[in-house]
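Residue-level structure breakdown
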Amino acid sequence: MRFVSTRGGAAPATLSQAIAAGLAPDGGLYVPESMPKVGHLPRDGYLATTASRMLAPFFAGDPLASELDAICAEAFVAPAPRRELRIKGAHLLELFHGPTAAFKDFGARFLAACLGRLRRDEARPLTILVATSGDTGAAVGAAFHEMPGVRVAILYPDNRVSPRQAHQLGSFGGNVRALRVEGTFDDCQRLVKGALGDPALQADVPMSSANSISLGRLLPQMAYFGHAALQATQPMNTIIPTGNLGNAVACLWARAIGLPIGEVVFACNANETLPEFYAGQPYRARDAVATIANAMDVGAPSNFERLRHLFGDEDAARRQGRAERVDDAQIRDTIRRHAANDGEVFCPHTATAIHVFERLRFEDPTKDWTMASTAHPAKFDTIVEPLVGRRVEVPDALAVMLARSASAEAMAADGRIFADWLRGW
Ligand SMILES: *Cc1c(COP(=O)(O)O)cnc(C)c1O
């Protein structure tokens, strides 16, 4: 299997090359040259086994192919259960049982397992740079923590992530260092892009990124949708809380290779780039607006190029999908109502999907849906607890991380200072 750029201006790459590179040289995103078809998969397999079977065609012919089973065993340690809710017609696909209590753990651990192997024989360490508004940095830090040959710099905007998120980001130590940047998330991203694009700095300090456009994060996300769909009795209609479209594209890829997935609907917050597009307007990226589902505060979804590529063009993509906008008041109302009525406590991101479910169920009361639950509500305690009127229990893995001491270094939003810091590490 070879991988091509969504922009068509880069030479086809092997899987290992595509994973190591992150972005294609023409600025596009790597996608499989063609979608393979998987054969019959058992309904009751382990998640790691199903993952390995689903991903085998993408690894065919690559040096990592012989290690795919081991990579999946490392990445899929947490379960991803699909359970029936006490709400008629609704299942929840829980993706938050990993070390940082959000679905990004799966992709980050898979990428780490791949990169660790690709870097095995390199003399100098690889420095992974990650700009984060919260969840990504923690997942990447946890996945690479104490891995030989790799170190991680997490950049986050000082005073703009939740207290628990800040604690998580600073709790690793060793080969993972947290930088609290005097600025916004965009400043963090600018520092990362500037460093990665500086050839002199790259020569001194070999660097890579771990953001959501990386194929090494996207491919494994297909697995839990496939695994869940195999357990459903009918093609699994799915609603996905959506920001950069990483999870959503992974679900569509799983359907494209033959897994029994039905309709796929994107639940968005007040950032309406996708809802507007699906309502018939031309695609128009814009600045993000802040909401209480902050991991979905995206105005220019980076995986849109992959979506368009999958369907061929924008009209075809629009005809075969749907996106719904949910504002903060609706998110709050959904969290409050379900805690009171059926004892289910949702994180703000998951609540967007639950709200969309209620809309769709009103349109067609016979259709069943599975909602992806992207984070544990305890991660967003300052938002959720006042709405539900009680403490939300912290899962064990998250409690372990919060019990560790944490520290972050201050960093000016200045490329030269950041470059000096990297050279001095
Ligand atoms: C990252 C994230 C999302 C958005 O996922 P995308 O793959 O970027 O669409 C949704 N919910 C949570 C909790 C997240 O951390």
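Scroll up a little and you will see the structure.
Before going into details, it helps to say that this report is about the structure given with it. In this text, all values refer to a predicted model and were calculated from it rather than measured experimentally.

What follows is about the overall build of the protein. What the protein contains, in helices and strands, is 18 helices and 13 strands. In summary, the protein has a C-alpha radius of gyration of 20 Å against a globular reference of 22 Å for 425 residues, a match within 12%. For the C-alpha atoms alone, the extent of the protein along its principal axes is close to 60 × 50 × 40 Å. By sequence separation, contacts in the protein at least 24 residues apart represent 73% of the contacts at least 6 residues apart. Accessible area of the protein: about 16,900 Å², with a carbon and sulfur share of 49%.

Our focus in this paragraph is the site of the ligand. As a structural note, the neighbourhood of the ligand is formed by 15 residues, with Lys104, Asp135, Gly243, Asn244 and Thr374 the closest of them. Lysine 104 places a side-chain nitrogen or oxygen 2.5 Å from an oxygen atom of the ligand. Asparagine 244 is positioned such that a nitrogen or oxygen atom in its backbone is 2.8 Å from an oxygen atom of the ligand. For the ligand, whose free accessible area comes to 380 Å², the fraction covered by protein is 97%. Each residue belonging to the shell around the ligand can be placed in one class, and the counts come to six nonpolar, seven polar and two charged.

Moving on to the pattern of salt bridges. Taken as a whole and assessed by the stated rule, the structure comprises 25 salt bridges. With its nearest N and O atoms 3.2 Å apart, the salt bridge here joins arginine 361 to aspartate 368. Accessibility expressed as a relative area gives 14% for arginine 361, which makes it buried. Residues joined by salt bridges that share partners form a network here, namely Glu67, Glu74, Arg117 and Arg120.

Another aspect to go through is the pairing of strand E10 (residues 261–268). Summarising burial for E10: seven of the eight residues are buried, a large majority. Taken together, the five bridges between strand E9 (residues 236–241) and E10 define a ladder with parallel strand orientation. Residue methionine 236 lies in a different strand from E10, and its bridge partner there is isoleucine 261. Once the chain exits E9 it traverses helix H10 (residues 246–256) before rejoining the sheet at E10, and the crossover so formed is right-handed. Looking at chain direction, E10 and strand E11 (residues 322–325) are connected through four bridges and run parallel. Directly across from valine 265, in E11, lies its bridge partner arginine 322.

Where helix H4 (residues 104–118) meets helix H5 (residues 135–144), the closest approach of the two axes is 8 Å, and the angle between their N-to-C directions is 40°. Relative to H5, the element H4 is oriented oblique. The chirality of how H4 crosses H5 is right-handed. Contact with H4, carried on its side by Lys104, Asp105, Ala108, Arg109, Leu111, Ala112 and Leu115, involves Asp135, Thr136, Ala139, Val140, Ala143 and Phe144 of H5 and no other residues of that element. Looking at the contact of H4 with H5 residue by residue, the classes come out as eight nonpolar, one polar and four charged.

As a further point, take helix H15 (residues 348–363). Relative to the 22 Å expected for 16 residues at 1.5 Å per residue, H15 spans 23 Å between its end C-alpha atoms, a close match to the ideal helical length. Burial analysis of H15 places 12 of its 16 residues in the buried class, which makes it a mostly covered element. Within H15, burial applies to Pro348, His349, Thr350, Ala351, Thr352, Ala353, Ile354, His355, Val356, Phe357, Leu360 and Arg361.

Below, the discussion takes up the sheet that holds E9. Strand order in the open sheet formed by six strands is E3-E4-E12-E9-E10-E11, with mixed pairing between adjacent strands. One side of each edge strand has no neighbouring strand; the edge strands of this open sheet are strand E3 (82–84) and E11. Neighbour to neighbour, the strand axes of the sheet diverge by 30° on average, direction disregarded. The strands touched by H10 within the sheet are E9 and E10, with E10 carrying the most contacts at an inclination of about 170°.

Moving on, we come to the packing of aromatic side chains. One pair of aromatic rings is described through two measures. These are the centre distance and the angle between the planes. For the structure shown, the criterion picks out 11 aromatic pairs. Relative to tyrosine 278, the ring of phenylalanine 277 has its centre 5.1 Å away and its plane inclined at 80°; by these criteria the two rings are edge-to-face. The class of tyrosine 278 is buried, set by a relative accessible area of 12%. Between the aromatic rings of tyrosine 283 and phenylalanine 304, the centroid separation amounts to 3.9 Å while the plane-to-plane angle is 15°, which identifies the pairing as stacked. Here phenylalanine 304 lies in helix H12 (residues 304–311) and tyrosine 283 lies in the loop between helix H11 (273–278) and H12, a separation of 21 residues in the sequence. Assessed through its relative accessible area of 3%, phenylalanine 304 is described here as buried. Through pairs of rings, three or more aromatic residues link up here, namely Phe266, Phe277, Tyr278, Tyr283 and Phe304.

Under the defined criterion, the tally for this structure stands at one cavity of 30 Å³ or more. Considered as a void within the structure, the largest cavity measures approximately 50 Å³ in volume. Lining the largest cavity, in full, are Thr242, Gly243, Cys268, Asn269, Asn271, Thr273, Leu274, Met296, Val298 and Pro301. Of the residues contributing to the lining of the largest cavity, the split by class is five nonpolar, five polar and no charged.

Estimated volume of the second largest pocket: approximately 310 Å³. Lining of the second largest pocket is provided by 20 residues; of these, Phe96, Val345, His376, Pro377 and Glu393 occupy positions nearest its centre. For the lining of the second largest pocket, the class distribution of residues is nine nonpolar, five polar and six charged.

Rules used in this analysis
- Residues numbered from 1 in each chain as written.
- Predicted model: local features only at pLDDT ≥ 70, side-chain atom pairs only at ≥ 80, totals over all residues.
- Heavy atoms only, no water.
- Helix = DSSP H or I, 4+ residues; strand = E, 2+ residues; numbered from the N terminus.
- Rg over C-alpha atoms; globule rule 2.2 N^0.38 Å.
- Contact = heavy atoms within 4.5 Å.
- Areas by Shrake-Rupley, 256 points an atom, 1.4 Å probe, with all protein chains shown as cover.
- Near = heavy atom within 4 Å.
- Polar contact = N/O pair within 3.5 Å; in protein donor to acceptor, adjacent residues only side chain to side chain.
- Nonpolar A, V, L, I, M, F, W, Y, C, P; charged D, E, K, R; others polar.
- Salt bridge = Lys/Arg side-chain N within 4 Å of Asp/Glu carboxyl O.
- Buried < 20%, exposed > 50% of the residue type's maximum accessible area, 1.4 Å probe, protein only.
- Pairing = 2+ DSSP bridges.
- Right-handed = clockwise from strand over helix to strand, strands pointing away.
- Axes fitted to C-alpha atoms, helices over the stretch in contact; angles between N-to-C directions.
- Parallel < 35°, antiparallel > 145°, perpendicular 65-115°, else oblique.
- Left-handed = near helix turned anticlockwise from the far one by under 90°.
- Expected span 1.5 Å × (residues − 1).
- Phe/Tyr/Trp six-rings, centres within 6.5 Å; stacked < 30°, edge-to-face > 60°.
- 1 Å grid on protein atoms, 1.4 Å probe; cavity = no way out; pocket = protein on both sides within 12 Å on 5 of 7 lines; lining within 4 Å.
- Points joined across faces, edges and corners; volume = space filled by probe spheres on them.

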